[in-house]
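# Architecture and fold: a report
Here's the letter readout for the chains.
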Amino acid sequence: MQIVFSDAQYWEDFLPLTFTRPVAAMRCGILTFTERWQKILENTEVSYFTENYLQDKFKSPEDKESLFLVSNFLPTETVIQQIKDLKKGEALVYEDELVAARINMENFSLHQIEKMTDIKEELIFFKKPADLFTYNHHAIDFDFELLTKGRTSQELSSTNGFLGDKKDLFIEEGAQIEFSTLNTRTGKIYIGKNTEVMEGCHLRGPIALCDDSKFNLGAKIYGATTIGPHCKVGGEVNNIIIFGYSSKGHEGFVGNSVIGEWCNFGADTNSSNMKNNYAHVKFWSYRTKSFEDTGLQFAGLIMGDHSKTAINTQLNTGTVVGVASNIFKPGFPPNLVENFSWGGMKDDERFRLDKVYEVAERAMARRKVVLADEDKAILKHIFETY
């Protein structure tokens, strides 16, 4: 059966991360929300009910009976079974919001729903960007069990130091780890396929290093941290998520942050994650067009796809960077760096769209990925609309 991932009311709340993707395509834990639900429901047929300008890249639903699903939560075993048991015209509701329904997409309407059942258990729901890093330890635990149950890890080389219980470490085939330390006393560590942990790294779980990524020499990684596929990470990081295909390869600190795809941090880029007065941190909300209190003392950076920082860049606590921004001017940029900013400061000129394509093509070619026409159309829409 087709799974239809609905952005519902959450798409705007996750900007700038969702300028270039549906909510379900975000990564948290080890997997994206899409990948997690495909694994849970043992279903590879997926589509998205999202913004019109994203539908050319992210498949629209076919006109047939489907499981309509809000993806951005971690289900319990009971809820998973409730979802699997749904019959046509039935739905599940959590805190007055529809999260799953069995309906026909041919005449899409929620009026098809004849029976609604409230979910009684408390769920971990991701409703804003800060929730991704705040609850990432729960997502890593969930995905670790989902991916490794009944499987055997590769052996950890004897050149490494290890603290904790080996059952909380899983190493996929092709991973290389030598002369580093790994500590699972504070959380699980998952090392993906064809990854590399270079010499002198220190990993303190929970950590997920996804396929084809690497920790550079001497990296210091505190959990809960997720490094998506095809990334390079060095220096010091603490409780961050990188969706994939991005590089923070040099010295410098980033903490309590979410970073999109195709981003690059210049050497010694540092992002503050706590204010000097220990007050709660505010992040820019694209929905309310105002800075909103996260309720968190530790909150660093939210960065959209294709953005870059120059060497020695300093980012203030609670900075939000849009899509395809280039930060290279001296001094602290503002806490909101606009999409396509050329410089990073308020009222700077915009990065020309043809040059955005050119840089993206070069960056993506390094990972043997092509900037498709659909990607260009998405960037063009963001450039012209936001």
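Our subject is the structure listed above.
A brief report on the enclosed structure follows.

## Looking at the nonpolar core
Counting 69 residues, the largest nonpolar core has Ile83, Val99 and Leu132 as the members making the most contacts within it. It is helix α5 (residues 353–365) that contributes the most residues to this core, five residues altogether. Setting aside chain neighbours within four positions, we find valine 99 in contact with Phe68, Leu69, Val70, Phe73, Leu92, Tyr94, Ile119 and Phe125. Residues Ile171, Val197, Ile259 and Ile327 belong to the second largest nonpolar core, which totals 31 residues.

## Considering the sheet that holds strand β1 (residues 2–6)
Read from one edge of the open sheet, six strands run β4-β1-β5-β8-β7-β9, paired in mixed fashion. Strand pairing shows two members of the sheet lacking a second neighbour, β4 (46–49) and β9 (115–118), which therefore form its edges. Across the sheet, the axes of successive neighbouring strands diverge by a mean angle of 25°, strand direction being ignored. In this structure, β1 lies alongside β4, joined through four bridges in parallel fashion. The residue bridging valine 4 from the neighbouring strand is serine 47, located in β4. Sheet strands in contact with helix α2 (residues 77–84) are β5 (65–70), β7 (90–94), β8 (97–104) and β9, and its direction is about 155° off that of β7.

## A word on a nonpolar patch on the surface
Together, Phe49, Phe108 and Leu110 give the surface a local cluster of nonpolar side chains, amounting to about 240 Å² of exposed area. You can see leucine 110 is positioned in the loop between β8 and β9. The class of leucine 110 is partly exposed, set by a relative accessible area of 42%.

Calculation notes
- Residues numbered from 1 in each chain as written.
- Predicted model: local features only at pLDDT ≥ 70, side-chain atom pairs only at ≥ 80, totals over all residues.
- Heavy atoms only, no water.
- Core = buried A, V, L, I, M, F, W, Y, C linked by side-chain atoms within 4.5 Å.
- Buried < 20%, exposed > 50% of the residue type's maximum accessible area, 1.4 Å probe, protein only.
- Helix = DSSP H or I, 4+ residues; strand = E, 2+ residues; numbered from the N terminus.
- Contact = heavy atoms within 4.5 Å.
- Pairing = 2+ DSSP bridges.
- Axes fitted to C-alpha atoms, helices over the stretch in contact; angles between N-to-C directions.
- Patch = residues over 30% accessible without salt bridge, like charges linked within 9 Å, V, L, I, M, F, W, Y side chains within 5 Å.
- Areas by Shrake-Rupley, 256 points an atom, 1.4 Å probe, with all protein chains shown as cover.
- Salt bridge = Lys/Arg side-chain N within 4 Å of Asp/Glu carboxyl O.

Any functional reading would require information beyond the geometric quantities listed.
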